[in-house]
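The residues making up each chain are set out below.
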Amino acid sequence: MSPTANWNYPTAIKFGVGRIRELAEVCRGQVILRPLLVTDSGLARAPITIAALESLRAAGLGAELFADLKPNPIEANLLAGLEAYRAGQHDGVVAFGGGSGLDMGKLIAFMSGQSRPVWDFEDIGDWWTRADADGIAPVIAVPTTAGTGSEVGRAGVLTDERTHTKRIIFHPKMMPKVVICDPALTVGMPAKITAGTGMDAFAHCLEAYCAPGFHPMADGIAVEGMRLVAQSLVRAVRTPDDLDARANMMAAAAMGATAFQKGLGGMHALSHPVGAVYDTHHGMTNATFMPYVLQFNRAAIDERITRLAAYLGLASPSFESFLGLVLQMREDIGVPHTLGELGVDDRQAALIAEMAIADPSAAGNPVPLDLKGAAQIFAAASQGRL
Ligand SMILES: NC(=O)c1ccc[n+]([C@@H]2O[C@H](COP(=O)([O-])OP(=O)(O)OC[C@H]3O[C@@H](n4cnc5c(N)ncnc54)[C@H](O)[C@@H]3O)[C@@H](O)[C@H]2O)c1
Ligand SMILES: [Fe+2]
């Protein structure tokens, strides 16, 4: 039997197979009587989405659907969502989907009561204090992928089309009030999305664990998150309806996002510009870069990674055995080994390196990431040179 539990950390989480049935009751509990269900266009007609919407309506709630967004959402999607929110006189959001639907739902709820443009709330210094905290509508988050952990995050990622950059919009009150983690919702993910999102969760744990700074709480969460992924991701890809594997992945996703308050690193710093310029899948892009970034950081993380390898139960715990685990897992689930296989050529290499060092994640890399280093990682990932 797959586990069922209620957690209150880092927010209220109702975890377990079938718990999507509690959605209407959870909305009522937060006094959301006219929820706007926000998801991406790919999920708009999926049976899980229709069932969730119908359960809200059957309970007498004035629920509407907004699904006018694609993966890697842009500002125009947010503006359309805000219009739908206001036109429907909604009083809260059900953010439903992978990172794209979850982030957009959180952003609509956040922006519904603000008078400044969204870019004024980018995660820079104390810009979040510019926001009117009373204008933030409540969010119930329902993840349908197991990766970004956005369901327990205080930020939303929005692509700025003017500069082809992914910007992080942050406010502490963007954290969803209640999360329903129902592993059964992730069963229908295409194998590629299971693989990519699962590696995103792994990258969050790994980069947080390797980021410099004293944060033993984040480190503890990160290592257990990685153990769950190492134990379950290949199973989830190969046997999609294995609910135990799905439950482990869903927990690991929430753990990754909780841990990365400590920081991220080179994988995300490079993956953000590649995703913004080439529209690649975020998690798959992290996974492609992963071994090259590990190699680049080796001198700074050798000892930590050896400790991690021991915790993961590897036969001879070392940096090499951990790298071996990463490479094997990537191969088993079909992660591209080179950027070329991901559909990314090297014509924009210089631009990507420049954008990578300007990305906020770069600051968490255990070896300071300069232009030369970022270009070196990009070249290694292009050539498949470890
Ligand atoms: N807020 C954060 O902390 C954070 C962290 C990392 C990434 N992100 C953002 O999240 C996005 C990536 O999210 P993602 O990897 O979860 O993918 P996604 O939300 O972009 O979805 C990818 C695809 O999978 C489909 N899908 C999702 N769930 C499904 C299901 N159960 N069954 C069938 N199809 C399903 C979607 O329709 C979509 O086509 C990016 O925009 C990224 O920038 C946010
Ligand atoms: Fe990520």
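The written sequence of each chain sets the order in which its residues are numbered from 1. Both sets of labels track the order of writing: A upward for chains, 1 upward for ligands. Thresholds applied to this predicted model are a pLDDT of at least 70 for local features of residues and 80 or more for the giving and counting of side-chain atom pairs; totals over whole chains, interfaces and linings are not thresholded and use all residues. Side-chain numbers come from the whole structure's heavy atoms, not from hydrogens or water.

(A) Structural detail: the confidence of the model for the chain. Scored by pLDDT, the chain has a mean of 97; 100% of the residues are at 70 or more. The score called pLDDT rates the predictor's confidence residue by residue, from a low of 0 to a high of 100. Runs of E in the DSSP output that reach at least two residues are strands. Runs of H or I that reach at least four are helices, and both are numbered from the N terminus. Across the chain, the secondary-structure element scoring lowest on mean pLDDT is strand β8 (residues 165–170), at 92, and the one scoring highest is strand β6 (residues 139–143), at 99.

(B) Up close: the coordination of the iron ion (ligand 2). Any nitrogen, oxygen or sulfur atom within 2.8 Å of a metal ion counts as a donor, with the limit raised to 3.2 Å for Na, K and Ca, and since water is left out, coordination shells can look unfinished. Surrounding the iron ion (ligand 2) are the protein donor atoms D200 (OD), H204 (NE2), H268 (NE2) and H282 (NE2), which sit 2.1 to 2.2 Å from the metal. For a four-donor site, all angles between 85 and 135 degrees give tetrahedral; for four or six donors, opposite pairs above 155 degrees with the remaining angles between 65 and 115 give square planar or octahedral; all remaining cases count as irregular. One can describe the donor arrangement at the iron ion (ligand 2) as irregular, given that its four donor atoms subtend angles of 86 to 170 degrees at the metal. Counting gaps between the donor residues of the iron ion (ligand 2) yields the pattern D-x3-H-x63-H-x13-H. Residue H204 is located in helix α5 (residues 191–210), and its partner H268 is located in helix α8 (residues 266–278); the two are separated by 64 residues in the primary sequence. For the pair formed by H204 and H268, the shared burial category is buried. Think of it in three bands: with a 1.4 Å probe and only protein chains considered, a residue is buried below 20% of the maximum accessible area for its type, exposed above 50%, and partly exposed in between.

(C) Expanded view of the layout of surface pockets. Volume-wise, the second largest pocket comes out at about 190 Å³. Sorting the residues of the lining of the second largest pocket by element identifies β8, α8 and α12 (349–358) as the ones contributing at least two each. The element that contributes the greatest number of residues to the lining of the second largest pocket is β8, accounting for four residues. Residues that form the lining of the second largest pocket fall into these classes: five nonpolar, two polar and four charged. We place a 1 Å grid over just the protein atoms. Points where a 1.4 Å probe fits but has no way out form a cavity, open points with protein on both sides within 12 Å along at least 5 of 7 lines form a pocket, and any residue with an atom within 4 Å of a point lines it. Grid points are joined across faces, edges and corners, and a volume is the space filled by probe spheres set on the points. Three categories are distinguished: nonpolar for Ala, Val, Leu, Ile, Met, Phe, Trp, Tyr, Cys and Pro, charged for Asp, Glu, Lys and Arg, and polar for the others, with Gly belonging to the last.

(D) Main features of the environment of W127. Structurally, W127 is set in the loop between α4 (99–111) and β6. In contact with W127, other than residues within four places in its own chain, are W119, D120, F121 and E122. Contact between two residues is taken to exist if any of their heavy atoms lie within 4.5 Å; hydrogens are not considered.

(E) Structural context of the site of ligand 1. In the vicinity of ligand 1 lie 29 residues, with D40, G99, S100, K166 and H281 positioned nearest. Here an oxygen atom of ligand 1 sits 2.8 Å away from a polar atom, N or O, in the side chain of T145. One nitrogen or oxygen atom from the main chain of M189 is found 3.5 Å from a nitrogen atom belonging to ligand 1. By residue class, the composition of the shell around ligand 1 is eleven nonpolar, 14 polar and four charged. When we say a residue is near a molecule or strand, we mean one of its heavy atoms is within 4 Å of it. Any pair of N or O atoms that falls within 3.5 Å is considered a polar contact. Within protein, one atom must be able to donate a hydrogen and the other to accept it, and sequence-neighbouring residues count only if both atoms are side-chain atoms.

(F) Molecular detail of the side chain of R246. Relative to the elements of secondary structure, R246 occurs in helix α7 (residues 243–259). Buried and unpaired, R246 has D241 as its nearest opposite-charge partner, separated by 7.5 Å. At 3.1 Å, the side chain of R246 and the side chain of T194 are in polar contact. Within polar-contact distance, the side chain of R246 engages the backbone oxygen of P240 at 2.8 Å. The contact partners of R246, leaving out residues within four places of it in the chain, are P183, T186, V187, M189, T194, A236 and P240. We score Asp and Glu as negative and Lys and Arg as positive, and we do not count His or the chain ends. Only one rule defines a salt bridge in this text: a Lys or Arg side-chain nitrogen within 4 Å of an Asp or Glu carboxyl oxygen.

(G) How the structure looks around α8. By definition here, a helix of n residues has an expected span of 1.5 Å times n minus one. Between its first and last C-alpha atoms α8 spans 18 Å; for 13 residues at 1.5 Å apiece the expected length is 18 Å, and the two agree. α8 sits mainly inside the fold: twelve of its 13 residues count as buried. Within α8, burial applies to G266, M267, H268, A269, L270, S271, H272, P273, V274, G275, A276 and Y278. Summarising the contacts, the buried residues of α8 are in contact with β8, α5, α9 (282–311), α12 and α13 (371–383). Remark: D279 follows α8 within two positions and exhibits a positive phi of approximately 55 degrees.

(H) Focus on the packing of α5 against helix α6 (residues 216–238). Look at α5 against α6: their axes get within 8 Å of each other, and the N-to-C directions meet at 160 degrees. By the angle class used here, α5 and α6 are roughly antiparallel. The handedness of the crossing between α5 and α6 comes out as left-handed. Across the interface between the two elements, A191, T194, A195, G198, M199, F202, C205, L206, A208 and Y209 from α5 touch D219, A222, V223, G225, M226, V229, L233, A236 and V237 from α6. When grouped by side-chain class, the residues that make up the contact of α5 with α6 number 15 nonpolar, three polar and one charged. Between N-to-C directions, angles cover 0 to 180 degrees, with each direction set by a line fitted to C-alpha atoms, over the stretch in contact for helices. Here the word oblique covers every angle except those under 35 degrees (roughly parallel), over 145 (roughly antiparallel) and from 65 to 115 (roughly perpendicular). The handedness criterion is simple: a crossing whose near helix is rotated anticlockwise from the far helix by less than a right angle is left-handed, and one whose near helix is rotated clockwise is right-handed.

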